[in-house]
Amino acid sequence: MRNANQSFHKALDQYVFGIANKFIDSADPATQSELMNLVAQLDLVSHTGEAVDDKSAQPESEWQHILNKPVDWQSVHKQWLVGVMQQRTKRNEHYIDNLNQAIRNTEIRLQQTQDTFLREPYRSNLIHRHQLTLDYLQQHLSEVQNAHQFNLKQLDQLLSS
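Residues numbered from 1 in each chain as written. Predicted model: local features only at pLDDT ≥ 70, side-chain atom pairs only at ≥ 80, totals over all residues. Heavy atoms only, no water.

**Student:** Teacher, can you tell me more about the overall build of the chain here?
**Tutor:** Across its full length, the chain holds five helices and zero strands. Counting helices and strands in the order they occur from the N terminus, the chain gives α-α-α-α-α. Expressed as a percentage of its 161 residues, the buried residues of the chain come to 25%. Of the contacts made within the chain by residues no fewer than 6 positions apart, 75% connect residues no fewer than 24 positions apart. Counting every atom, the chain has about 11,900 Å² of accessible surface; 55% of that belongs to carbon and sulfur. (Helix = DSSP H or I, 4+ residues; strand = E, 2+ residues; numbered from the N terminus. Buried < 20%, exposed > 50% of the residue type's maximum accessible area, 1.4 Å probe, protein only. Contact = heavy atoms within 4.5 Å. Areas by Shrake-Rupley, 256 points an atom, 1.4 Å probe, with all protein chains shown as cover.)

**Student:** Teacher, can you tell me more about helix 4 (residues 73–115) here?
**Tutor:** Working note: α-helix, 3.6 residues per turn, so residues spaced by three or four point in the same direction. Its 43 residues give helix 4 an end-to-end C-alpha distance of 62 Å, which sits within 8% of 63 Å, the value for a rise of 1.5 Å per residue. Tucked into the core, helix 4 has its buried residues touching helix 5 (120–160). (Expected span 1.5 Å × (residues − 1).)

**Student:** What is the right way to look at the nonpolar core in this model?
**Tutor:** General note: in soluble globular proteins, nonpolar side chains tend to be found buried as a group. Among the nonpolar cores identified, the biggest contains nine residues, and these are Ile96, Leu99, Ile103, Leu110, Ile127, Leu134, Leu137, Leu141 and Val144. Counting only elements with at least two residues in this core, the list comes to helix 4 and helix 5. No other element matches the five residues that helix 5 contributes to this core. When residues no more than four places from it in sequence are discounted, the contact partners of leucine 134 are Ile103, Thr106, Glu107 and Leu110. (Core = buried A, V, L, I, M, F, W, Y, C linked by side-chain atoms within 4.5 Å.)

**Student:** Where do I start with a nonpolar patch on the surface in this structure?
**Tutor:** On the surface, Leu118, Tyr122 and Leu126 cluster together into a nonpolar patch covering about 290 Å² of accessible area. Along the chain, leucine 118 falls in the loop between helix 4 and helix 5. (Patch = residues over 30% accessible without salt bridge, like charges linked within 9 Å, V, L, I, M, F, W, Y side chains within 5 Å. Salt bridge = Lys/Arg side-chain N within 4 Å of Asp/Glu carboxyl O.)

**Student:** In this structure, what is going on with helix 5? I would like to understand it.
**Tutor:** Its 41 residues place the ends of helix 5 59 Å apart at the C-alpha level, agreeing with the 60 Å of an ideal helix rising 1.5 Å per residue. Among all positions in helix 5, only Ile127, His130, Leu134, Leu137, His140, Leu141, Val144, His148, Asn151, Leu155 and Leu158 are buried. Where helix 5 is buried, its residues meet helix 4.

Purely geometric stuff here, so don't read any function into it on its own.
Structure (structure tokens):
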């Protein structure tokens, strides 16, 4: 049973070290301190099998070295920017799809209005309004597509740097 406990604690140590090694760079200093304390407690428990007083000698381990490394805030900021730009890109793509659908619907309504036999003042007024709406939507679509292309270029630059 003692051997199984040691194997479990060793596996737990490796797991905690792997997680800390992977994610510590993106944590803020307060979270890093909490993680260091938690991992230190886990290390003491895994080596002795029971919780030990913090004043006893603690061997320096790999994960403590990793946890003590300073945060690369440029990397964290870059990752955040990439996430924001990816969300913006998805939002723009969805918005472009909606604008294209609105343009198709307006074109259908315009064609239906042109094909119906209404009294002339009403027919001309409806055609004019549909045409104004169509012109506005097409202009707005062009602006959104330009902004979308700009965002894609920025995202490419972030990902390539």
